[in-house]
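This is what each chain is made of:
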Amino acid sequence: MAQADSVDPIHQFAINDIVTFGEIGGVTIAFTNSALFMFITVALIAAFLLLTTSGRGLVPSRLQSMAEIAYEFVANMLRESAGTEGMRFFPFVFSLFMFVLFANLIGMVPYFFTVTSHIIITFAMAMAVFLTVIVYGFWRNGFGFLKLFVPAGVPGVLLPLIVAIEVLSFLSRPISLSVRLFANMLAGHITLKVFAGFVISLSAFGAAGYLGAIVPLALTVALTALEFLVAFLQAYVFAILTCMYLNDAIHPSH
Amino acid sequence: MENDRRADGKKPPAAGSGSKADGDLARRLDRLSSSLDAERRERAAAQEPRRSDTRGFSLGIRLASEFVAAIIVGTAIGWGLDALAGTTPWGMIGFLLLGFAAGVVNVMRSAEKMASGESKRDED
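What you see is a predicted model; the values in this text were computed from it and never measured. (Residues numbered from 1 in each chain as written. Chains lettered and ligands numbered in written order. Predicted model: local features only at pLDDT ≥ 70, side-chain atom pairs only at ≥ 80, totals over all residues.)

A. Spotlight on the overall build of chain B. Counting secondary structure elements, chain B contains three helices and zero strands. The buried share of chain B, reckoned over its 124 residues, is 15%. If you take every contact in chain B between residues at least 6 apart in sequence, the share linking residues at least 24 apart comes to 46%. (Helix = DSSP H or I, 4+ residues; strand = E, 2+ residues; numbered from the N terminus. Buried ≥ 20, exposed ≤ 12 C-beta atoms within 10 Å, placed from the backbone. Contact = placed C-beta atoms within 7 Å.)

B. Geometry of the overall build of chain A. From N to C terminus, chain A includes eight helices and two strands. Listing each helix as α and each strand as β along chain A from the N terminus yields β-β-α-α-α-α-α-α-α-α. With the C-alpha coordinates of chain A rotated into their principal frame, the extents come out at 70 × 55 × 45 Å. For chain A, the proportion of its 254 residues judged to be buried stands at 28%. Long-range pairs, those at least 24 residues apart, make up 65% of the contacts in chain A with a sequence separation of at least 6.

C. Spotlight on the packing of helix H2 (residues 62-82) of chain A against helix H8 (residues 214-250) of chain A. Residue and element names in this part refer to chain A. Two elements in contact, H2 and H8, have axes whose closest approach is 8 Å; the angle formed by their N-to-C orientations is 40°. Considering their axes alone, H2 and H8 lie oblique with respect to each other. Classified by chirality, the crossing of H8 by H2 is right-handed. Residues Val 74, Met 77, Leu 78, Ser 81 and Ala 82 of H2 pack against Ala 239, Ile 240, Cys 243, Met 244, Leu 246, Asn 247 and Ile 250 of H8. Residue composition of the contact of H2 with H8, grouped by class: ten nonpolar, two polar and no charged. (Axes fitted to C-alpha atoms, helices over the stretch in contact; angles between N-to-C directions. Parallel < 35°, antiparallel > 145°, perpendicular 65-115°, else oblique. Left-handed = near helix turned anticlockwise from the far one by under 90°. Nonpolar A, V, L, I, M, F, W, Y, C, P; charged D, E, K, R; others polar.)

D. Representation of the nonpolar core within the structure. With 51 residues, the main nonpolar core has Val 93, Leu 96, Phe 97, Val 100, Phe 238 and Ala 239 of chain A as its most contacted residues. Looking at this core, the elements with two or more residues in it are H2, helix H3 (90-107), helix H4 (119-141), helix H5 (159-171), helix H6 (173-203) and H8 of chain A together with helix H2 (17-85) and helix H3 (90-123) of chain B. (Core = buried A, V, L, I, M, F, W, Y, C linked by C-beta atoms within 7 Å.)

E. Spatial organisation of the interface of chain A and chain B. On the chain B side, the residues contacting the 17 residues of chain A number 17 residues. Taken together, the elements giving at least two residues each to the side of chain A that touches chain B come down to H5, H6 and H8 of chain A. For the side of chain A that touches chain B, the leading source of residues is H6 of chain A, giving six residues. Taken together, the residues of the side of chain A that touches chain B break down into twelve nonpolar, four polar and one charged.

F. Layout of H2 of chain A. Residue and element names in this part refer to chain A. Taking 1.5 Å of rise per residue, the 21 residues of H2 would be expected to cover 30 Å, and the 30 Å separating its terminal C-alpha atoms lies within 8% of that figure. For H2, the set of buried residues is Val 74, Met 77, Leu 78, Ser 81 and Ala 82. In an axial view of H2, the angular spread of the buried residues amounts to 100°, which keeps them on one side of the axis. Those residues of H2 that are exposed and aimed more than 90 degrees away from the buried face are Arg 62, Ile 69, Glu 72 and Asn 76. (Expected span 1.5 Å × (residues − 1). Arc of directions from axis to C-beta.)

G. Summary view of H4 of chain A. Residues and elements named next belong to chain A. Here H4 spans 32 Å end to end across 23 residues, near enough to the 33 Å set by a 1.5 Å rise per residue. For H4, every residue scored as buried is listed here: Ile 121, Thr 122, Met 125, Ala 126, Val 129, Phe 130, Val 133 and Gly 137. Along its buried surface, H4 packs onto H3, H6 and H8. Where H4 ends, the next residue or the one after it, Gly 142, has phi of about 60°, a positive value.

H. Broad picture of the packing of H2 of chain A against H3 of chain A. Residue and element names in this part refer to chain A. Where H2 meets H3, the axes come as close as 10 Å, and the angle between the chain directions of the two elements is 125°. On the basis of the axis angle, H2 is oblique to H3. For the pair H2 and H3, the crossing hand works out as right-handed. Across from Val 74, Ala 75 and Leu 78 in H2, the residues of H3 making contact are Phe 90, Val 93, Phe 94 and Phe 97. For the contact of H2 with H3, the per-class residue count stands at seven nonpolar, no polar and no charged.

I. Region of the structure containing the environment of Gly 94 of chain B. By the element assignment, Gly 94 of chain B lies in helix H3. For the pair Gly 94 of chain B and Ala 76 of chain B, spaced 18 residues apart in the sequence, the C-alpha separation amounts to 11 Å.

J. Representation of the pairing of strand S2 (residues 27-32) of chain A within the structure. Residue and element names in this part refer to chain A. S2 sits mainly on the outside: zero of its six residues count as buried. By the bridge criterion, six bridges tie strand S1 (residues 17-24) to S2 in an arrangement that is antiparallel. Counterpart to Val 19 in the pairing with S2 is Phe 31. Here S1 folds back onto S2, and the loop between the two strands holds two residues, one of which, Gly 25, carries a positive phi near 55°. (Pairing = 2+ DSSP bridges.)

K. View of the confidence of the model for chain B. Residue and element names in this part refer to chain B. Of the residues in chain B, 69% have a pLDDT of 70 or more, and the chain-wide mean is 77. Within chain B, no element has a lower average pLDDT than helix H1 (residues 2-10), which sits at 47, and none a higher one than H3, at 82. Long-range and interchain partners of residues 1-15, a stretch whose pLDDT sits below 50, account for 15 contacts in this model, where long-range means more than four residues apart. Listed scores for the predicted complex are pTM 0.78 and ipTM 0.74. (pLDDT = per-residue confidence, 0-100.)

L. Seen up close, unusual backbone geometry. Here the bond from Thr 88 of chain B into Pro 89 of chain B is cis, since omega is -5°, no more than 30 degrees from zero. Along the chain, Pro 89 of chain B turns up in the loop between H2 and H3. Even without being glycine, Arg 56 of chain A reaches a positive phi, approximately 50°. In this fold, Arg 56 of chain A is placed in the loop between helix H1 (33-52) and H2.

Written as structure tokens, this is what we have:
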């Protein structure tokens, strides 16, 4: 990264083509840095899980127990919010959780790209959840799935209004799910960059600047810790909301 | 058990040397548990504000996104219907209001869920 870029807080989100494959309908099809980091994320997850579980110890080693904790964590989350029947979605939820978690954590490494800071990525994942809920809900419950939009005990006059509100609330799920993750990562990384930029700008003023730069430097350190927490928390929130939505598909009545 | 220990601690028994040793032990256990309690309370107090700060941040973004998403969806649907049916701007106005209501419903629901999750965690 060049000197001028180091103070620009938005530059870290730029998408660059690494290899271009040509054009389809005027849109360049390219292997971008975003795609590269998605590959890295998936490769890291696969390597982590394969290597840590290769020992297959009955008494797990430290690394193996890390993988087991990840499994238990997601499995418990799914069982608690969607019941044992929800366990058929375990591969889906586990993949989403691990992908978001690793993508967020990889984004914390300096100079690395944060995949989840682009809304199209989070929106694609949210739509995958949303469509899974709709398709599975109709496949399993038939038109009984529509009971989701009709709360029990509502007087007939209010029913059309309530149903409209419920449908809108349902349709807003993929948006809120994707915006939440994307906004958290984007805001966190920009804040981090802005405070780090203050250090550089202040240090241009000589000795007084160096002294003044201590405050933003300390804040940058604190924010980095906070961002690690947010990285985990957002993966958790994404996964648990996925579980709750899947629960609606399995048990549609309120 | 508690009562025994306290009674022993208050008036050291004059009888056998064995029960005297018991009273001594009970007193020491009492002192240990009370100091442990104090330390635990201190530690909890030290951790409390920091945890709630970060939780508040994520809670805020969570509720805000729930609210905004419903409004965006409502407006988009209204706008699309207007474009299809040529009823500008009534569809957008109506669905914007519906989106508002749905946003409030979303926020109330997730706040309720959060509150119940919190109390469950506290009970554990």
